[in-house]
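Inside the fold
So the chains spell out like this:
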Amino acid sequence: MTQGPQTFPGRFPNTRLRRNRRSPWARALVSENALSAADLIWPVFVREGDNVREPVESMPGVRRLSVDQVVEAAREARDLGIPAIALFPNTPEHLKTPDGVEATNDGNLVCRAIAALKAEVDGIGVMVDVALDPFTTHGHDGVMSGEEILNDETLDILCRQALVQAQAGCDIISPSDMMDGRIGAIRRTLDDNGFTNVSIMAYAAKYASGFYGPFRDAVGSSGNLIGDKRTYQMDPANSDEALREVTFDLDEGADMVMVKPGMPYLDVASRVKTTFGVPTFAYQVSGEYAMIEGACRNGWLDREKVWPEAMLCFKRAGCDGILTYAAVEMAKKLKT
Ligand code: PBG
């Protein structure tokens with residue numbers, strides 16, 4: 001970690017901090033953080049159909065892609081040096097049920113997308129959420145009894161979901177549901193079925209956030225959601241609790257942990273990284289993307305300046321990687 005000013009005092013006029021900022025070469029020399037394409041994970045929405053690229057209204061520039069287009073997109077990402085792609089299915093309404101059992105169908109949309117990617121694109125990791133919300137009629141991440149989201153009953157379905165995704169060839173399983181005990185249960189299921197090499201990136205500290213709004217549009221769950229997710233996702237007021245969540249997930253076998261959303265929770269990402277020293281990721285979520293990109297498209301912000309700046313804050317906070325819908329645009333910029 002960097003030393004604080006107490007350790008290395010300096011004083012004007014002997015010390016002039018502007019000397020190190022005087023020219024581009026001097027600034028480059030003392031620069032502390034840099035973004036690389038290898039820091040990026042690209043979340044992509046998948047839909048049924050062939051040759052479809054359907055715009056998501058609340059996320060300008062983002063599209064829902066049919067499986068053939070996901071394959072093309074993954075090739076492009078791979079060629080730009082992006083190490084992993086994260087898939088999110090837009091499940092047709094008629095396949096949704098209260099228990100979200102379509103999640104465990106080995107021929108479901110996301111499993112077909114994983115299999116196509118594994119068959120056709122080398123050299124890029126495929127990551128997929130484990131959670132029921134894209135598959136439930138009520139839009140929650142677990143099965144319900146009355147108003148309650150049932151924890152242990154949900155775990156069984158999540159384990160079966162993780163298993164079909166691993167069988168389809170998924171490299172990283174990312175449980176995003178915030179049920180207690182899911183990392184351990186999923187790890188055991190994967191190991192018992194011979195998938196000891198499938199990684200888990202836990203959505204360890206995932207907050208009950210208003211910034212997920214556009215995502216729920218993109219996967220088609222916003223119209224369905226009854227109530228909110230505050231009985232399982234975290235209270236935005238808390239940060240000690242995030243450390244407990246991370247402790248549990250690591251103890252249960254998580255290989256990597258994630259904090260979500262990103263920019264409003266950078267303090268949490270920074271605490272997680274300094275406390276545990278494990279691979280730590282931040283998810284710059286749909287609402288963050290919409291704010292920045294929306295303002296850029298309105299001419300209120302300069303995209304050339306604000307997008308790279310928004311990426312650097314994650315590096316400064318100590319994140320090893322960033323899930324961002326702007327991954328391809330960022331990687332292209334880094335190439336030029
Ligand atoms: C599913 C899931 C959500 C996001 C990722 N996985 C939504 C939610 O929990 O309601 C949000 C991602 C984003 O907003 O970009 N559990």
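Everything here concerns the structure above.
Presented here is a report on the structure given in the accompanying data block. What you see is a predicted model; the values in this text were computed from it and never measured.

Description of the overall build of the chain
Within the chain, the secondary structure is distributed over 11 helices and 12 strands. Its C-alpha radius of gyration of 21 Å places the chain within 12% of the 20 Å reference for a compact globule of 336 residues. Along the three orthogonal principal directions, the C-alpha set of the chain runs to about 70 × 45 × 40 Å. Across the chain, the fraction of contacts at a sequence separation of at least 24, relative to all contacts at a separation of at least 6, is 74%.

Examining the nonpolar core
Counting 112 residues, the largest nonpolar core has F45 and L87 as its most contacted members. Looking at which element gives the most residues to this core, the answer is helix α4 (residues 151–168), with eight residues. Here F45 is in contact with V56, M59, V62, R63, R64, L65, F88, F215, A218, V219 and Y325, once residues within four sequence places are set aside.

A look at the site of the ligand
If you check the shell around the ligand, you find 19 residues, and the closest are K206, K229, K260, S286 and Y325. Isolated, the ligand exposes 400 Å² of accessible area, and the fraction of that covered by the protein chains is 99%. Judged by the fraction of its atoms near the pocket grid, the ligand is located in the largest cavity. Its residues placed into classes, the shell around the ligand shows nine nonpolar, three polar and seven charged.

Focus: the side chain of R182
Within the secondary structure, R182 is located in helix α5 (residues 182–192). A polar side-chain atom of R182 sits 3.1 Å from the main-chain carbonyl oxygen of P175. For R182, the residues in contact, after removing those within four places along its chain, are L155, L158, P175, S176, D177, Y203, D249 and E252.

Things to note about the packing of aromatic side chains
Two measures describe an aromatic ring pair: the distance that separates the ring centres and the angle between the ring planes. The tally for this structure, following the rule as stated, stands at 10 aromatic pairs. Grouped by ring-pair contacts, the aromatic residues F45, F88, Y203, F215, Y283, Y289, W307 and Y325 constitute a single cluster. Lying over the aromatic face of Y212, K260 brings its terminal NZ or CZ to 4.4 Å of the ring centre. Over the ring of Y283 we find K260; its NZ or CZ atom is 4.9 Å from the centre of that ring.

Cut-offs applied
Residues numbered from 1 in each chain as written. Predicted model: local features only at pLDDT ≥ 70, side-chain atom pairs only at ≥ 80, totals over all residues. Heavy atoms only, no water. Helix = DSSP H or I, 4+ residues; strand = E, 2+ residues; numbered from the N terminus. Rg over C-alpha atoms; globule rule 2.2 N^0.38 Å. Contact = heavy atoms within 4.5 Å. Core = buried A, V, L, I, M, F, W, Y, C linked by side-chain atoms within 4.5 Å. Buried < 20%, exposed > 50% of the residue type's maximum accessible area, 1.4 Å probe, protein only. Near = heavy atom within 4 Å. Areas by Shrake-Rupley, 256 points an atom, 1.4 Å probe, with all protein chains shown as cover. 1 Å grid on protein atoms, 1.4 Å probe; cavity = no way out; pocket = protein on both sides within 12 Å on 5 of 7 lines; lining within 4 Å. Sits in = over half its atoms within 2 Å of the grid points. Nonpolar A, V, L, I, M, F, W, Y, C, P; charged D, E, K, R; others polar. Polar contact = N/O pair within 3.5 Å; in protein donor to acceptor, adjacent residues only side chain to side chain. Phe/Tyr/Trp six-rings, centres within 6.5 Å; stacked < 30°, edge-to-face > 60°. Lys NZ or Arg CZ within 6 Å of the ring centre and 35° of its normal.

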